[in-house]
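Report on the structure
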Amino acid sequence: VNSSPYYFYQQSGNYQNVVNETALSVVVFGEFNIYLKEYLTLGITTDYVFFPPIKIPSDPLSKLPEQTLSGNACIGFVLGIHL
């Protein structure tokens with residue numbers, strides 16, 4: 001391990017990229033549902049996770065280039081059955 005917050009180690013032939021860093025993150029999410037029947041809902045849900053940009057070094061095994069990560073967004077559709 002060196003002084004960089006990023007380091008590699010090899011275990012059983014696999015390389016793992018470990019980010020040894022703590023960062024504050026923020027999560028925003030929402031959901032919207034429509035009752036089609038008393039027992040059935042249809043909806044959409046979404047979320048976004050933000051954290052300060054983090055540089056991830058390239059991975060020689062998977063040939064992924066160096067990347068800067070700064071968050072993640074998801075969207076989903078919901079079908080609810082209420083018993």
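Refer to the structure above for everything that follows.
A quick note: this is a predicted structure, and the numbers were derived from the prediction, not measured.

**Concerning the overall build of the chain**
- The number of helices and strands found in the chain is zero helices and five strands.
- Scanning the chain from its N terminus toward the C terminus, one meets helices and strands in the order β-β-β-β-β.
- Here the chain holds 83 residues, and the buried ones make up 11% of them.
- Here the contacts in the chain between residues at least 6 apart in sequence split such that 44% fall between residues at least 24 apart.
- Carbon together with sulfur atoms contributes 60% to the accessible area of the chain, which is approximately 6800 Å² in total.

**Digging into the environment of Gly43**
- Along the chain, the position of Gly43 falls in strand E4 (residues 40-56).
- Judged by its relative accessible area of 9%, Gly43 falls in the buried class.
- Once you skip the residues sitting within four places of it in the chain, Gly43 turns out to touch Phe32, Asn33, Gly76, Phe77 and Val78.

**Brief notes about the pairing of strand E3 (residues 26-37)**
- In terms of strand pairing, E3 meets E4 through 11 bridges, oriented antiparallel. Paired with Val26 across the strands is Phe50, a residue of E4.
- Hairpin connection, E3 to E4: the antiparallel pair is bridged by two residues.

**Here we look at the sheet that holds strand E5 (residues 67-81)**
- Read from one edge to the other, the open sheet built from three strands follows the order E3-E4-E5, with strand pairing classed as antiparallel. Strands with a single pairing partner mark the edges of an open sheet, and in this sheet they are E3 and E5. Neighbouring strand axes in the sheet, compared pairwise and without regard to direction, differ in orientation by 10° on average.

**Concerning the side chain of Thr41**
- Within the secondary structure layout, Thr41 lies in strand E4.
- When its relative accessible area of 4% is taken as the criterion, Thr41 is described as buried.
- A polar contact of 3.0 Å, which involves the side chain of Thr41, links it to the side chain of His82.
- Sequence-distant contacts of Thr41, that is, excluding residues within four places in its chain, are made with Ile34, Tyr35, Leu36, Val78, Leu79, Gly80 and His82.

**Some words on the pattern of salt bridges**
- This model, assessed by the stated rule, comprises one salt bridge.
- Between Glu66 and Lys55 there is a salt bridge, with the nearest N and O atoms lying 3.7 Å from each other. Placement of Glu66 in the loop between E4 and E5 and of Lys55 in strand E4 is noted, with a sequence separation of 11 residues between them.

**Here's the deal with a nonpolar patch on the surface**
- Where nonpolar side chains cluster on the molecular surface, the patch consists of Phe32, Ile34, Leu36, Leu42, Ile44, Ile75, Phe77 and Leu79 and spans about 850 Å² of accessible area.
- Elements supplying a minimum of two residues to the nonpolar patch: E3, E4 and E5.
- Leu36 gets classed as partly exposed once you look at its relative accessible area, which sits at 48%.

What counts, and at which threshold
All residue numbers refer to position in the chain's written sequence, counted from 1. Confidence filtering applies because this is a predicted model: local features only for residues at pLDDT of at least 70, side-chain atom pairs given and counted only at 80 or more, and all residues used for totals across whole chains, interfaces and linings. Here the side-chain values reflect all heavy atoms present in the structure, with hydrogen atoms and water set aside. Only DSSP runs of H or I with at least four residues qualify as helices, and only runs of E with at least two residues qualify as strands; both kinds are numbered from the N terminus onward. For each residue, the accessible area found with a 1.4 Å probe, counting protein chains only, is set against the maximum for its type, and the residue is called buried under 20%, exposed over 50%, and partly exposed in between. What makes two residues a contact is simply this: any of their non-hydrogen atoms within 4.5 Å. The method behind every accessible area is Shrake-Rupley, applied with a 1.4 Å probe, and residues are considered shielded solely by the protein chains displayed. Criterion used throughout: strands pair if DSSP finds at least two bridges between them. Only the stretch in contact is used when fitting a helix axis, every axis being a line fitted to C-alpha atoms; angles between N-to-C directions are given from 0 to 180 degrees. Nitrogen and oxygen atoms within 3.5 Å of one another constitute a polar contact, given that in protein one can donate a hydrogen and the other can accept it, and given that sequence-neighbouring residues count only through two side-chain atoms. A pairing counts as a salt bridge when a side-chain nitrogen of Lys or Arg comes within 4 Å of a carboxyl oxygen of Asp or Glu. A residue counts toward a patch only above 30% relative accessible area and without a salt bridge, and it is joined to like-charged neighbours within 9 Å or, for Val, Leu, Ile, Met, Phe, Trp and Tyr, to nonpolar neighbours within 5 Å.

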